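The chain contents come next:
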Amino acid sequence: NITELMPLVYTPVVGQGCIMYSEIFRQPRGMWLSIKDAGNVKNILKNWPEDTVKVIVMTDGERILGLGDLGANGMGIPVGKLILYSLCAGIHPRHCLPLTLDCGTNNEKK
């Protein structure tokens, strides 16, 4: 039942998940790119284990759900959105790539 489960996989739970992302991290669920990767992005993206990516959701980790700049912890946003795309639109998870652009953070806590 998507209506009942939506609050568990997205707002507001995903906000708490983002805040705690670095503490609950178990295995990679997305890819990070930094400014240092400029000129090499195509080669880096080839390292993603799935070669049938159809949907990319990207964030820079700023302005997350009114929580401010979460830096790398913002990965929960594209992960959460792609879960919704899988549940609601039937997009197989192997066709999804969550991506965070590491632009640094101005939040000293993260």
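Just so it is clear, the model here is predicted, and its values are computed rather than measured.

For the rest of this paragraph, the subject is the pairing of strand 2 (residues 55–59). The alternating pattern of strand 2 places V55, V57 and T59 on a buried face, while none of I56 and M58, on the opposite face, is buried. Pairing of strand 2 with strand 3 (residues 96–102) involves five bridges; the strand directions are parallel. Paired with T59 across the bridge in strand 3 is T100. Crossover connection from strand 2 via helix 5 (residues 76–89) to parallel strand 3: handedness right-handed.

Core analysis: the largest hydrophobic core is formed by six residues, namely M31, L33, I44, W48, L97 and L99. Of all the secondary-structure elements, those providing two or more residues to this core are strand 1 (31–34) and strand 3. Apart from residues no more than four positions distant in its own chain, M31 is found in contact with I44, L45, N47, W48, M75, L97, P98, L99 and T100. Membership of the second largest hydrophobic core comes to five residues, among which are V14, I64, L70 and I77.

Reading guide: rules and limits
Per-chain numbering applies: the sequence of each chain, read as written, is numbered from 1 onward. Note on the predicted model: pLDDT of at least 70 is required for a residue's local features to be given, and 80 or more for side-chain atom pairs to be given and counted; whole-chain, interface and lining totals, by contrast, use all residues. Excluded from the side-chain calculations are hydrogens and water; all other atoms, namely the structure's heavy atoms, are used. For the exposure calls, accessible area comes from a 1.4 Å probe over protein chains only, and a residue counts as buried if that area is under 20% of its type's maximum, exposed if over 50%, partly exposed in between. The helix and strand labels rest on DSSP assignments: H or I over at least four residues marks a helix, E over at least two residues marks a strand, and numbering proceeds from the N terminus. For two strands to be treated as a pair, DSSP must find no fewer than two bridges joining them. Every crossover in which the path from the first strand over the helix to the second runs clockwise, viewed with the strands pointing away from the viewer, is termed right-handed. Working definition of a nonpolar core: buried Ala, Val, Leu, Ile, Met, Phe, Trp, Tyr and Cys residues. They are joined through side-chain atoms within 4.5 Å. Only heavy atoms matter for contacts: two residues are in contact if any of them lie within 4.5 Å across the pair.

These figures capture arrangement, not role.
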